[in-house]
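# Residue-level structure breakdown
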Amino acid sequence: MQNLTVTELSAELSRGAISSVELTRACLDRIGRLNPELNAFITVCEESALAQAAAADRARAEGDERPLLGIPLAHKDIFCTRDTHTTCGSRILQDFLPPYDATVVEKLRQAGTVMLGKTNMDEFAMGSSNESSYFGAVGNPHDPGRVPGGSSGGSAAAVAAGLSPMATGTDTGGSIRQPASFCGITGFKPSYGRVSRWGMIAFASSLDQAGTLTRSAADAALMMQAMAGLDPRDSTSVDRPVEDYAGALGKPVNGLRVGVPRPHFAKGLSPGVERGIHAALAELERAGAILIDIDLPNNHLSVPAYYVVAPAEASANLSRYDGVRYGYRCESPADLEDLYTRTRSEGFGDEVKRRILVGTYALSAGYYDAYYRKAQRIRRLIRQDFIDAFRQVDVIAGPTSPHVAFPHGAKADPVEMYLEDIFTIAVNLAGLPGISVPAGFEEGLPFGLQIIGPDFGEALVLNVAHQFQQLTDWHKRLPETAAQAETGEN
Amino acid sequence: MEWEAVIGLEVHVQLSTRSKLFSGTSTAFGAGPNTQANIYDLAMPGTLPVLNGEALRMAVRFGLAIDAEIGRHSIFDRKNYFYPDLPKGYQTSQLDYPVVGRGSIVINLEDGTEKRIGVTRAHMEEDAGKSLHEAFADETGIDLNRAGTPLLEIVSDPDLRSAKEAVAYLKKLHSIVRYLDISDGDMSQGSMRCDANVSIRRPGADLGTRTEIKNVNSFRFVEKAINFEIRRQQDVLEDGGKIVQETRLYDSVRDETRPMRGKEVANDYRYFPEPDLLPVEIGEDLIKQIRSELPELPDARKRRFAAEYGLSAYDAGVLTASREMADYFEQVAQGCGDAKLAANWVSVELQALLNRENLDIADSPVSAGNLADLILRIRDRTISGKIAKTVFEQLAEGPQGVDEIIEKQGLRQVTDEGEIEKLVDRVIAENAAQAQQFRDGKQQVLGYLVGQAMKLSRGKANPAQVNELLRDKLQS
Amino acid sequence: MKKSEIDKVATLARLRVSPAEADEVTARIGEILAMIDQMQAVDTTGVEPLAHPLDAVQRLRADEVTEADRRDELLALAPSNRNGLFVVPKVIDP
């Protein structure tokens, strides 16, 4: 049962082969068995999940046929969940019980889903390995000695290991796509503004976007259908109709123009991944897609520009964690300054502090023009490169990450870690939709193919990913841990 | 040698919207602490701002009223600093692209002259909460009810040259925001707050070093604080000292300014565009619509009062200083048909009554309708001007109407020829000596005799008739 | 970036960098800034800064009170509160 996609589970529920309660209990059992090793969940909501599942079963008995009714899911612990712990992977929010639900949480609940719990993540979504979480690192289900990627590492691991058929994530510089690549699943980041950010704890407001972690592109389409849309509470959420994502999945890639930014592959791309990506592109070509070499001349500046914009926004977004109205407060502060400084120094981890310092510096008097404004100008150049490219191609495809999952502790140097996101960051700076789909293995570890679309090309990107998954079966190759647990169960 | 003061004001005006600038929380004054502080106002994680359209329209209304450029593409910025009454750790404000650009305001000085003061800009921002230092012995309490209330910060050019000019500017600003109905402008409740930048120089010299005075929250204190600061700077410079650029607080109890205590942490606000809000577009249509809804403003109304009602510039100025006063006057003038009498009654008798009772005109115990009726009765000679004052006092005290008071108390003026003749005959008989003096050519005695007749009638006789009849009888 | 600059920035951000960490933090941030400085090689004269990927304008909210009084529920989340107020150490007011 844990191998099935949402689409398949939905059919099983629909024909009465299983109930939502059975499915939910199976997920909870599996979490109980595997989570101690994987550490994918920070909070598990057993009681409420079973209650929601029972309610879904009753609704189904009364003829409710919504596609996500009764399907269990996990939320990244960055989404506020009413009266359920929401930590954002940080000590500073260790005991925080939000008095409200994020729009994404509300919408998915209204779609009939069952919330299993909250998944582990890099602290405040700042990281590419899930190692910066206050709640400990997460194991990659393909090899628990390796990282699952980040920052949505817990969600990716949970979906890959069969703990949950689907999960939410957020992607500021690759935080959905890179862990999807490392864990061998499908990770979709929509265009900026497509999904409401309300109730989603901010890292970098002009880059953050919620998305999905699933076992197929078709599942992503189902989730997106429930998540997307205008939210009057989020000024940056767009007022444009939501396409029928599932309905758009039938179009073959014959004649599709696929842009390939080959000049960028060279840098640090591992040989296995490079071969795999070329093979994947060849697969599309065989199906009738037209590969066109393109250049994104400013792409190499995306990491530097991102590491100004994101920390700058974060430095202000994280000022609210001051120990006054909610969250962690240091013991017996001597005075107000001590309250602020000790609360924040004890409450935040090293990476978060580092980024706050960099962001504060980049905005400070005398440096604003050289850093922040410069980065914004480069951001325009990067976006313009994409706009130009999309005049000649329908989608752009390439690697999601330069290599497969690395061992825990392998990247102690922050800059080396930042370069992990070299292929994903530009997409956030430009605000575009992007997906990572499993495209092969290198020494037993999966890697993903990234497909990028133009502004609000969600349906297009999801369909191309789906077509690729009709041509290949990489997305069906579950990690060993999942397979073993499956065997143990039977 | 003379010193010249150079003063610029930064005035924060609280916009009178129902809800906050970026959230749907009530802004009503006087609620229990933190009962008007909701999840966005408390900067709970993941909450986001959405701009209050009415606050924007109010800001544009102000901009159009002072003939300012309107920022067609206005941007909000984050101004970063830590303080317990600032929940987000940044204030959402505007730096480079304010909603209102350059404009100007004409102020009226005591000698009757006018002066045009430049307005550099006006931008929208959110208010902070309140720190209550006296709430507890060793701790400070924070009330965030006010956090997020919309403010318009209006920055003047350094065009003001004296404390009196500064007060005149502030009063004009107060009048404009009240006319526009965008703020109650109540300084005592903090709806209008003023910071003053003050420097002095020798006339014609370069600008001197300025100090900023904060916390001046009444018209009177603005004048006193600026005067104190000018004197202080003069003393420093004349003693060969230097002015330190600093922020000073005005202490109204000791009537002095002094530097803010505590270590002056170098402020570096790290402004940057607020990514949770998009650029605010103010289109031609919106501007047209707001312009068409603008009320008549004090300067225009003053000109009209002078032209339409034949009032002196001074009277027109007094009567248009507040929108309520001007509305009241116009109602009286139109009701009674005599603008000059109406102006006189409103600016003398009514004003005296309001001052005595310490009331706003909105709470006037004499309605404009009643005052118009009263003036009508003077005009149709039912009562004399003197009796009218008695009626006015009684109008202020109770619910009775003008005619009711006149009838019940028999205050109607005696105009009957026969009755007046009897009075006059009696006065001539009782004051034979004075009557003879008049006949002998001592004209001044007539006033005495008229007075005696009025006294006999207990003020009710029509003095003009008495006068005429006495003259006739004595000369015949 | 010098250590003194780290101190200044840390003060602005209300973070403490202890003497023991100072070298490490300075070095790490120095490396990050060096990476960021790749931007300086590009001429961006005349390029309009991009604050936001969306080419959209701000929506306006109707001036309506939509939030109810939730003080007791919200105040209960605070580390310290009394008499309806959030409580912090005595602020020496300016």
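Residues numbered from 1 in each chain as written. Chains lettered and ligands numbered in written order. Predicted model: local features only at pLDDT ≥ 70, side-chain atom pairs only at ≥ 80, totals over all residues. Heavy atoms only, no water.

## Looking at the overall build of chain B
Heads up, the condition is: Under the DSSP-based scheme used, a helix requires at least four consecutive residues in state H or I and a strand at least two consecutive residues in state E, with every element numbered from the N terminus. With C-alpha atoms as the basis for the radius of gyration, the globule rule is written as 2.2 Å multiplied by the number of residues raised to the power 0.38. Any residue under 20% of the maximum accessible area for its type is buried, any over 50% is exposed, and the rest in between are partly exposed; the area is computed with a 1.4 Å probe on protein chains only. Residue burial considers only the protein chains on display, and all accessible areas are found by Shrake-Rupley using a 1.4 Å probe. A residue counts as positive if it is Lys or Arg and as negative if it is Asp or Glu; His and the chain ends are not included. For charged residues, the charge sits on one atom: NZ in Lys, CZ in Arg, CG in Asp, CD in Glu.
When helices and strands are tallied, chain B shows 15 helices and 16 strands. Relative to a compact globule of 476 residues, whose C-alpha radius of gyration would be 23 Å, chain B shows 30 Å and is clearly more extended. Reported as C-alpha extents along the three principal axes, the dimensions of chain B are approximately 95 × 55 × 55 Å. Taking all 476 residues of chain B together, the buried fraction comes to 53%. Of the roughly 21,100 Å² of accessible surface on chain B, 47% is carried by carbon and sulfur atoms. For chain B, the distance from the average position of its 60 positive side-chain charges to the average position of its 75 negative side-chain charges is 3 Å.

## Comments concerning the pattern of salt bridges
What counts here: Criterion for a salt bridge: a side-chain nitrogen of Lys or Arg within 4 Å of a carboxyl oxygen of Asp or Glu.
A full pass over the atoms with the stated rule returns 74 salt bridges over all chains. Residue E346 of chain A pairs with R342 of chain A through a salt bridge whose shortest N-O separation is 3.5 Å. With E346 of chain A and R342 of chain A both in helix α10 (residues 336–347) and four residues apart, the pair spans about one turn of that helix. Relative accessible area serves as the criterion here: at 25%, E346 of chain A is assigned to the partly exposed category. Overall, R342 of chain A belongs to the buried group, its relative accessible area being 18%. Each of the salt bridges in this network shares a partner with another, and the network as a whole consists of E296, R301, R304, E308, D327 and E330 of chain B.

## Here we look at the sheet that holds strand β9 (residues 139–143) of chain B
Counted only if it meets this: At least two DSSP bridges between two strands are needed for those strands to be called paired.
Strand order across the open sheet formed by four strands is β8(B)-β9(B)-β3(C)-β2(C), with antiparallel pairing between neighbours. In the strand order of this sheet, the two ends are held by β8 (130–132) of chain B together with β2 (81–82) of chain C, each with one partner.

## A word on the interface of chain A and chain B
Heads up, the condition is: By the convention used here, residues are in contact when the closest approach between their heavy atoms is within 4.5 Å. The term buried area denotes the loss of accessible surface (1.4 Å probe radius) that occurs when two parts are joined, taken as the sum for both partners. Under the convention adopted here, Pro, Cys and the residues Ala, Val, Leu, Ile, Met, Phe, Trp and Tyr are nonpolar, Asp, Glu, Lys and Arg are charged, and Gly plus all remaining residues are polar.
Across the contact, 39 residues belong to chain A and 30 residues belong to chain B. Summed over both partners, the interface of chain A with chain B buries about 2,800 Å², with 61% contributed by carbon and sulfur atoms. The shortest N-O distance in the salt bridge between D276 of chain B and R197 of chain A comes to 3.0 Å. Taken together, the elements giving at least two residues each to the side of chain A that touches chain B come down to α9 (302–317), α10, α11 (350–363) and α12 (369–389) of chain A. Broken down by element, the side of chain A that touches chain B gets its largest block of residues, four residues, from α9 of chain A. A per-class count over the side of chain A that touches chain B returns 20 nonpolar, ten polar and nine charged.

## Observations regarding a negative patch on the surface
Residues and elements named next belong to chain B. Going by this rule: Surface patches are drawn from residues lacking salt bridges whose relative accessible area is over 30%; two like charges belong together within 9 Å, two nonpolar side chains (Val, Leu, Ile, Met, Phe, Trp, Tyr) within 5 Å.
Residues D416, E417, E419, E468 and D472 make up a contiguous surface patch of negative charge. Mapped onto the negative patch, the elements with two or more residues apiece are α12 (417–430) and α15 (463–475). Take D416: it is sitting in the loop between α11 (402–408) and α12.

## Some remarks on the packing of aromatic side chains
Residues and elements named next belong to chain A. This is how the line gets drawn: Planes of paired rings set the category: under 30 degrees apart is stacked, over 60 is edge-to-face and the rest tilted, where pairs are Phe, Tyr or Trp rings (Trp by its six-membered ring) whose centres lie within 6.5 Å. The criterion is that NZ of a Lys, or CZ of an Arg, lies within 6 Å of the ring centre and within 35 degrees of the ring normal, and then a charge sits over that ring.
Under the definition given, this model contains 25 aromatic pairs over all chains. With a centroid separation of 5.3 Å and 85° between ring planes, the pair formed by Y134 and F135 is classed as edge-to-face. An aromatic cluster is defined as three or more aromatic residues linked by ring pairs; in this entry it consists of F96, F124, Y321, Y326 and F348. Positioned over the ring face of F406 is K411, at 5.1 Å from the centre of the ring.

## Let's talk about the side chain of R215 of chain A
Residues and elements named next belong to chain A. Filter applied, for reference: Within 3.5 Å is the distance limit for a polar contact, defined as a pair of N or O atoms, with the added protein rule that one can donate a hydrogen and the other accept it, and that residues adjacent in sequence qualify only through two side-chain atoms.
Inspection of the secondary structure assignment puts R215 in the loop between β6 (209–214) and α7 (217–227). Buried and unpaired, R215 has D219 as its nearest opposite-charge partner, separated by 6.4 Å. Within the structure, R215 has its side chain in polar contact with the backbone oxygen of L4 (distance 2.5 Å). Within the structure, the side chain of R215 is placed 3.2 Å from the backbone oxygen of S164, a separation counted as a polar contact.

## Quick word on the domain arrangement of chain B
Residue and element names in this part refer to chain B. To be explicit about the condition: Residue ranges assigned to each domain were obtained from an automatic or database domain assignment.
Under the domain assignment used here, chain B contains domain 1 (4–289), domain 2 (298–408) and domain 3 (417–475). Spacing between the C-alpha centres of domain 1 and domain 2 amounts to 36 Å. Each partner contributes to the interface: domain 1 provides ten residues, whereas domain 2 provides ten residues. The three residues of domain 1 that bury the most area against domain 2 are K172, R178 and Y179, which together make up 70% of that side's buried surface. At the junction of domain 1 and domain 2, the tally comes to three salt bridges. Our count for the contact surface shared by domain 1 and domain 2 stands at five residue pairs in polar contact (both at pLDDT 80 or more). For the side of domain 1 that touches domain 2, the secondary structure elements donating two or more residues are β6 (103–108) and α2 (163–180). Examining the composition of the side of domain 1 that touches domain 2, we find that six residues originate from one element, α2, more than from any other. Of the residues that constitute the side of domain 1 that touches domain 2, the class distribution is four nonpolar, two polar and four charged.

## Observations regarding the interface of chain C and chain A
Buried accessible area, meaning the area lost when the parts come together, often serves as the stated size of an interface. Counting residues at the interface gives 46 residues for chain C and 68 residues for chain A. Counting the surface lost from both chain C and chain A, the interface buries some 5,200 Å², and carbon and sulfur atoms represent 67% of this. Of all residues in chain C, M39, L50 and R59 of chain C bury the most surface against chain A, accounting for 14% of the area lost on that side. The tally of links between chain C and chain A comes to three salt bridges. Between R82 of chain A and E73 of chain C there is a salt bridge, with the nearest N and O atoms lying 3.4 Å from each other. Our enumeration of links across chain C and chain A arrives at 21 residue pairs in polar contact (both at pLDDT 80 or more). Mapped by element, the contributors of at least two residues to the side of chain C that touches chain A are α1 (3–12), α2 (19–36), α3 (71–75) and β3 (85–89) of chain C. Take the side of chain C that touches chain A: its biggest share by element is eight residues, from α2 of chain C. Here the side of chain C that touches chain A is composed, by residue class, of 30 nonpolar, six polar and ten charged.

## Thoughts on the sheet that holds strand β1 (residues 4–14) of chain B
Residue and element names in this part refer to chain B. Just so we agree on the cut-off: Inter-axis angles, ranging from 0 to 180 degrees, are taken between N-to-C directions of lines fitted to C-alpha atoms, where helices are fitted over the stretch in contact.
Taken in spatial order, the eight strands make up an open sheet running β6-β7-β10-β1-β11-β12-β13-β14, and their pairing is mixed. Both outer strands of the open sheet, β6 and β14 (256–259), are each paired with one neighbouring strand and no more. The sheet shows a mean angle of 30° between the axes of neighbouring strands, taken without regard to direction. Of the strand pairs in this sheet, strand β11 (residues 192–201) and strand β12 (residues 211–216) are connected by four bridges, and their pairing is antiparallel. Each bridged residue has a counterpart across the sheet, and for N197 the counterpart in β12 is E212.

## Details of the pairing of β14 of chain B
Residue and element names in this part refer to chain B. Relative to β14, strand β13 (residues 247–251) is paired through four bridges, and the arrangement is antiparallel. For R248, the partnering residue across the bridge sits in β14 and is P259. Between β13 and β14, which pair antiparallel and follow one another directly, the connecting turn spans four residues, one of which, D255, has a positive phi of 45°.

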